[in-house]
Amino acid sequence: FCFFFSYFFPLLTQLKHSLYCITINIYNYRYALAQAFHSGTGVEEDHAEALQLFKISATNGIPPASFNVANMYAAGQGTSMNEESAVKWYKKAADVGDPKAQFALGSRYCSGRGVKEDWEIGYEYHINSANAGYAPAQFNVGTHYFMGQGIEQNFELAAKWFDKASKQNLSQASFNLGQMYLNGRGVNKDYKKGIEYMEHSSDLGNKDAKQVLIDIKKENERKNDDETSETSSTNIEEGVIIGEDKK
């Protein structure tokens, strides 16, 4: 008996491991197939089939699948648009730490889309996503602090989070931070830094930043002609909470 056990137990363990790997590969295959049906890559586009395959993948522990199911309910792809179902699936993805799902939920709680509007809950989802390094969420956290919605107003922390998003090339974050340096709001007033952030935002295609730079250039030209001219002030883009990521 001891010989039988010592000989066959390792084989049974190895077989169990092999079956587990095969099962995981099957679920991964289904997820890949769902992506193909969703995009029409290599197969005829079929959103209904993609939705079912994403659901199977999500139920069997493929983390990104829940986020994709949520997006499809939100967009009405392969099914009727259903905001409540979208929120349900976003929560499934958020509960396992998906930063995009956390971001999507935060934006929904701030807008009341599919849920009762609650800026405090929206902030909590946004800060979790932001701490995971997701740039749009970092921008939204900055906006929460700047506006004082969902959290106590704090311009210094707003600048901190705009800076994090700016470093990931989010143009609106660079624009807002540039305005804060130009106006000395939450940071020490620094004209040079303000211009640098505006140029960074402009280089990323932000039209508002381009216009601010044009206005500053014109103002400087007027100053050269008339030292008594006053610099016109510019206003930060307030109230901008960006929505969920569909990628």
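Residues numbered from 1 in each chain as written. Predicted model: local features only at pLDDT ≥ 70, side-chain atom pairs only at ≥ 80, totals over all residues. Heavy atoms only, no water.

Draft legend 1. Seen up close, the nonpolar core. Judged by nonpolar contacts, the single largest core of 28 residues is most densely connected at F54, Y90 and L105. Of all elements in the fold, only α1 (2–39), α2 (47–59), α3 (63–75), α4 (83–95) and α5 (99–111) reach the threshold of two or more residues within this core. The element best represented in this core is α3, accounting for seven residues. Every residue in contact with F54, bar those within four places of it in the chain, is listed here: Y31, A34, Q35, H38, A65, N68, V69 and M72. Grouped together as the second largest cluster of nonpolar side chains are 22 residues, F103, A130, A159 and F162 included. (Core = buried A, V, L, I, M, F, W, Y, C linked by side-chain atoms within 4.5 Å. Buried < 20%, exposed > 50% of the residue type's maximum accessible area, 1.4 Å probe, protein only. Helix = DSSP H or I, 4+ residues; strand = E, 2+ residues; numbered from the N terminus. Contact = heavy atoms within 4.5 Å.)

Draft legend 2. Examining unusual backbone geometry more closely. Phi angles above zero are rare outside glycine, and N169 is one such case at about 65 degrees. When you line up the elements, N169 lands in the loop between α8 (155–166) and α9 (171–183).

Draft legend 3. Structural view of a negative patch on the surface. Taken together, the side chains of E44, E45, D46 and E49 present a region of like negative charge at the surface. Inspection of the secondary structure puts D46 in the loop between α1 and α2. (Patch = residues over 30% accessible without salt bridge, like charges linked within 9 Å, V, L, I, M, F, W, Y side chains within 5 Å. Areas by Shrake-Rupley, 256 points an atom, 1.4 Å probe, with all protein chains shown as cover. Salt bridge = Lys/Arg side-chain N within 4 Å of Asp/Glu carboxyl O. Lys, Arg positive; Asp, Glu negative; His and termini not counted. Charge placed at Lys NZ, Arg CZ, Asp CG, Glu CD.)

Draft legend 4. Geometry of the packing of aromatic side chains. By the definition in use, this model includes eight aromatic pairs. Ring centres of F103 and Y134 lie 5.4 Å apart, and the angle between their planes is 75 degrees; this geometry places the pair in the edge-to-face category. One end of the pair, F103, is in helix α5; the other, Y134, is in the loop between α6 (119–131) and α7 (135–147), and 31 residues separate them in sequence. For the pair F103 and Y134, one class covers both residues: buried. Ring centres 5.9 Å apart and planes at 10 degrees place the aromatic pair Y109 and Y125 in the stacked group. Linking Y109 in helix α5 with Y125 in helix α6, this pair joins segments that are 16 residues apart in sequence. Residue classification places Y109 among the buried residues on the basis of a relative accessible area of 9%. (Phe/Tyr/Trp six-rings, centres within 6.5 Å; stacked < 30°, edge-to-face > 60°.)

Draft legend 5. Region of the structure containing the packing of helix α10 (residues 191–203) against helix α11 (residues 207–225). Between α10 and α11, whose axes approach to 8 Å, the crossing angle comes to 135 degrees. Relative to α11, the element α10 lies oblique. The handedness of the crossing between α10 and α11 is left-handed. Listed contacts from α11 to Y191, I195, M198, E199, S201 and S202 of α10 are A209, K210, V212, L213, I216 and N220. Along the lines of polarity and charge, the residues of the contact of α10 with α11 split into seven nonpolar, three polar and two charged. (Axes fitted to C-alpha atoms, helices over the stretch in contact; angles between N-to-C directions. Parallel < 35°, antiparallel > 145°, perpendicular 65-115°, else oblique. Left-handed = near helix turned anticlockwise from the far one by under 90°. Nonpolar A, V, L, I, M, F, W, Y, C, P; charged D, E, K, R; others polar.)

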